[in-house]
Amino acid sequence: MCLAKQVVLAVAAAFGAATEIQASHGVPSEPILTRVLFQDDDTRTLKWADLRAGEPPTLGPVQPVEGFPKLDSERQTLVQMEAAQGYVLVGVRDDDSGNFQSGWVLIDTGVVEEEHGDHSHWTYPRPPQVRASVLDDKQGNPAHLYCYDNVFYLANDQLDGYTRIDPAGVKSTDDVAAIRRKASFFQGGGRHITLAVVGGTVGYSTWIDREGPQSGRVDVTALNAIGNRQIAFSLTLPHGGLHGATACQGKVFFAPADGLCWLQSPNVLPVDPKSIAVRHLSLGKDDEKARRTGGFTTFGRHVAFTMGAGKTAALGLIDAAKPEPEVTRLVLPMADANRPAGLEIAQPRKGSPLAFVFHDHPLEVEAPNRLSLVELDPNSDGNWSDAKVAQELDVGKSRVEGHGGHHSIAFDANRRRAIFSNPGSGTLAALVLQDRKQVAEWKVGGAPSKVVLVGGRESKD
């Protein structure tokens, strides 16, 4: 570790200890800036801490989330995690196609938002706690989790469908059984499902098959609050190997083995599937192999994704509001052994929206650990065709093994700070969005991976 990082760690640790001592003697502590929740790949647990104001900011005591189930570290993994309406949903996957114990865990983050027109007041009246844990041999071994319009959708791969959980419908008096009854199941998709939801009323779920009768298949299902086991109709895309889907501006985008496919979603169901035009966008080829992506990130009217590796690594950008969307491809310089991963987008309080892309590589590979910052709209005209790589930062190590061990980044509600994880270093780090500088790093142990932030600066009025 370089001397500068050692100094930052020492200062942060000392400042944090002083803050805790002051609080224990009745002296008001610094206000909370946001609540940090993160997965520890080593212990298969969910942990949390509060980020508090200071120069540099300090991270409070790291603690396990109260009531989080004890998982088998040899047989179970935490998959994806999303936040909405003061709740976090975490997926759990096992090593036996869901026959051991898989499912989901719903956590009340303990963060309360009070909206005041153009801003919100945030309070932190209680620590996070589990509200419902549904883990058994009937959950279909989920791999993907989505959040559309503040509603969670969890893919149940082995059940050929997905579960919808609306956190706004969870009451403070609901027990686990009541919450479970509110989780509704929808038929659609299969094998390794990715999902797009349009307007909260139509779900598009994919089949991953590259060949055979299910190749390129997308099931379309009408959504409601109680569930639906009847698929409205199915589409067949021109290419299979579907591993990625999203919705933006009434359009649905898919990531097959060759380029992208998209369609305009109908406003109501049912419709004749033959009336839906499926369009294909090529991403070009590398050594005669078609370029592809594995997932999407949406922001406003734009869809973003990464592709390639080493010299072919790139960021793809699409303005979904255009009648005929096109792909803008931005080269992402990185070492030959690296590939782009962990794409997230934030809008600082001033200036261009920023895309954050980590340089990813397997555990056994020696390669730089870096983070690219991309200005998506340098001239502020709303058109991202002039996007450019503005900066690269050195970060801690990843620890990529299979689907785990990746860097992850998240942003506070005030759009001032980011927290990112360094799984191979056992640290979390803070970055100021306006200055684009890392300002602190904390040793949290284990292998911190997926991270979410909930809330903004604490209101003490």
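One can find the structure itself at the top, above this paragraph.
The structure displayed is predicted, hence computed values, not measured ones.

**Q** Go over the overall build of the protein chain, please, and point to the residues and values.
**A** Scanning the protein chain from N- to C-terminus turns up two helices and 37 strands. Scaling as 2.2 N^0.38, a compact globule of 461 residues should have a C-alpha radius of gyration of about 23 Å, and the protein chain matches this with 22 Å. Taking the principal axes of its C-alpha atoms as reference, the protein chain extends roughly 70 × 50 × 50 Å. Evaluated residue by residue, the protein chain yields a buried proportion of 54% over its 461 residues. By sequence separation, contacts in the protein chain at least 24 residues apart represent 52% of the contacts at least 6 residues apart. A total of about 19,900 Å² of accessible surface is found on the protein chain, and carbon and sulfur atoms cover 48% of it. Side-chain charges of the protein chain comprise 47 positive and 55 negative groups, with the mean position of each set lying 1 Å from the other.

**Q** Give me the lowdown on the sheet that holds strand 26 (residues 302–307), citing residues and values where you can.
**A** One key point about sheets: their strands pair by backbone hydrogen bonds, in either a parallel or an antiparallel sense. Here four strands make up an open sheet; going across it, the order is 25-26-27-28 and the pairing antiparallel. With one partner strand each, in any of the chains shown, strand 25 (297–299) and strand 28 (327–331) form the two edges of the open sheet. On average, each strand axis in the sheet is tilted by 25° relative to the strand beside it, whichever way the strands run. Note: strand 27 (residues 314–319) against strand 28, five bridges, orientation antiparallel. By the bridge assignment, Ile-318 is partnered in strand 28 with Val-327.

**Q** Quick rundown of the packing of aromatic side chains? Include the residues and the values.
**A** Enumeration over the complete set of coordinates arrives at seven aromatic pairs. Pairing Phe-356 with Phe-411 gives two aromatic rings, centres 5.3 Å apart and planes at 45°, and the pair type is tilted. Here Phe-356, found in strand 30 (residues 354–360), pairs with Phe-411, found in strand 33 (residues 408–411); they are 55 residues apart in sequence, far enough to count as distant. Note on Phe-411: relative accessible area 18%, which makes it buried.

**Q** An account of the nonpolar core is requested, with residue identities and associated values reported.
**A** If you look at the biggest cluster of nonpolar residues, it comprises 26 residues, and the most contacted ones within it are Tyr-153, Tyr-204 and Phe-254. In terms of residues, this core owes the most to one element, strand 15 (residues 195–198), which gives four residues. Setting aside residues no more than four positions away along its own chain, Phe-254 makes contact with Tyr-204, Thr-206, Val-218, Leu-237, Leu-242, Gly-244, Ala-245, Leu-260, Cys-261, Leu-263 and Phe-296. In terms of nonpolar packing, the next biggest core, distinct from the first, is built from 21 residues, Phe-68, Val-92, Val-105 and Val-130 among them.

**Q** Kindly report on the sheet that holds strand 13 (residues 161–165), identifying the contributing residues and their values.
**A** Spatial ordering of the open sheet is given by 11-12-13-14, a layout of four strands whose pairing is antiparallel. Single-partner strands in this sheet number two, and they are strand 11 (145–148) and strand 14 (184–187). On average, each strand axis in the sheet is tilted by 25° relative to the strand beside it, whichever way the strands run. In this sheet, strand 14 lies alongside strand 13 in antiparallel orientation, the contact comprising four bridges. Within strand 14, the position partnered with Thr-163 by the bridge is Phe-185.

**Q** A description of the pattern of salt bridges should follow, citing residues and the corresponding values.
**A** Tallying each qualifying case throughout the model produces 22 salt bridges. When the shortest N-O distance is used, the salt bridge between Arg-399 and Glu-401 registers 3.8 Å. Of the residues examined, Glu-401 reaches a relative accessible area of 47% and is grouped as partly exposed. Look at the salt bridges and you will find they share partners, linking Asp-42, Arg-399 and Glu-401 into a network.

**Q** Any details on the environment of Asp-42? Residues and values, ideally.
**A** Note on placement: Asp-42 falls in the loop between strand 1 (32–40) and strand 2 (45–52). For Asp-42, a relative accessible area of 36% puts it in the partly exposed group. Placed 405 residues apart in sequence, Asp-42 and Ala-447 show a C-alpha to C-alpha distance of 5.5 Å. Every residue in contact with Asp-42, bar those within four places of it in the chain, is listed here: Ser-73, Arg-399, Gly-446 and Ala-447. Looking at Asp-42, its side chain comes within polar contact range of the side chain of Arg-399, at 2.7 Å.

**Q** Tell me about the pairing of strand 17 (residues 217–222), and name the residues and values.
**A** Counting buried positions along strand 17 gives five out of six residues, so the element sits mostly inside the fold. Pairing geometry for strand 16 (residues 202–206) and strand 17, over five bridges, is antiparallel. Along strand 17, the bridge assignment pairs Ser-205 with Asp-219. Two strands pair when backbone bridges link them, and strand 17 and strand 18 (residues 233–236) are joined in this way by four bridges, in the antiparallel orientation.

**Q** Requested: an account of unusual backbone geometry, with residues and values cited.
**A** A cis amide bond links Glu-55 with the next residue in sequence, Pro-56, at an omega value of 5°. Turning to its location among the elements, Pro-56 is positioned in the loop between strand 2 and strand 3 (58–59). For the bond running from Leu-269 to Pro-270, omega is 0°, close enough to zero to count as cis. Note on placement: Pro-270 falls in the loop between strand 21 (260–264) and strand 22 (279–281). Residue Gln-85 is not a glycine yet carries a positive backbone phi of 55°. By the element assignment, Gln-85 lies in the loop between strand 5 (76–84) and strand 6 (87–94). Exposure remark for Gln-85: the relative accessible area of 45% places this residue in the partly exposed category. For Asp-149, which is not glycine, the phi dihedral falls at a positive 55°.

Rules and cut-offs
- Residues numbered from 1 in each chain as written.
- Predicted model: local features only at pLDDT ≥ 70, side-chain atom pairs only at ≥ 80, totals over all residues.
- Heavy atoms only, no water.
- Helix = DSSP H or I, 4+ residues; strand = E, 2+ residues; numbered from the N terminus.
- Rg over C-alpha atoms; globule rule 2.2 N^0.38 Å.
- Buried < 20%, exposed > 50% of the residue type's maximum accessible area, 1.4 Å probe, protein only.
- Contact = heavy atoms within 4.5 Å.
- Areas by Shrake-Rupley, 256 points an atom, 1.4 Å probe, with all protein chains shown as cover.
- Lys, Arg positive; Asp, Glu negative; His and termini not counted.
- Charge placed at Lys NZ, Arg CZ, Asp CG, Glu CD.
- Pairing = 2+ DSSP bridges.
- Axes fitted to C-alpha atoms, helices over the stretch in contact; angles between N-to-C directions.
- Phe/Tyr/Trp six-rings, centres within 6.5 Å; stacked < 30°, edge-to-face > 60°.
- Core = buried A, V, L, I, M, F, W, Y, C linked by side-chain atoms within 4.5 Å.
- Salt bridge = Lys/Arg side-chain N within 4 Å of Asp/Glu carboxyl O.
- Polar contact = N/O pair within 3.5 Å; in protein donor to acceptor, adjacent residues only side chain to side chain.

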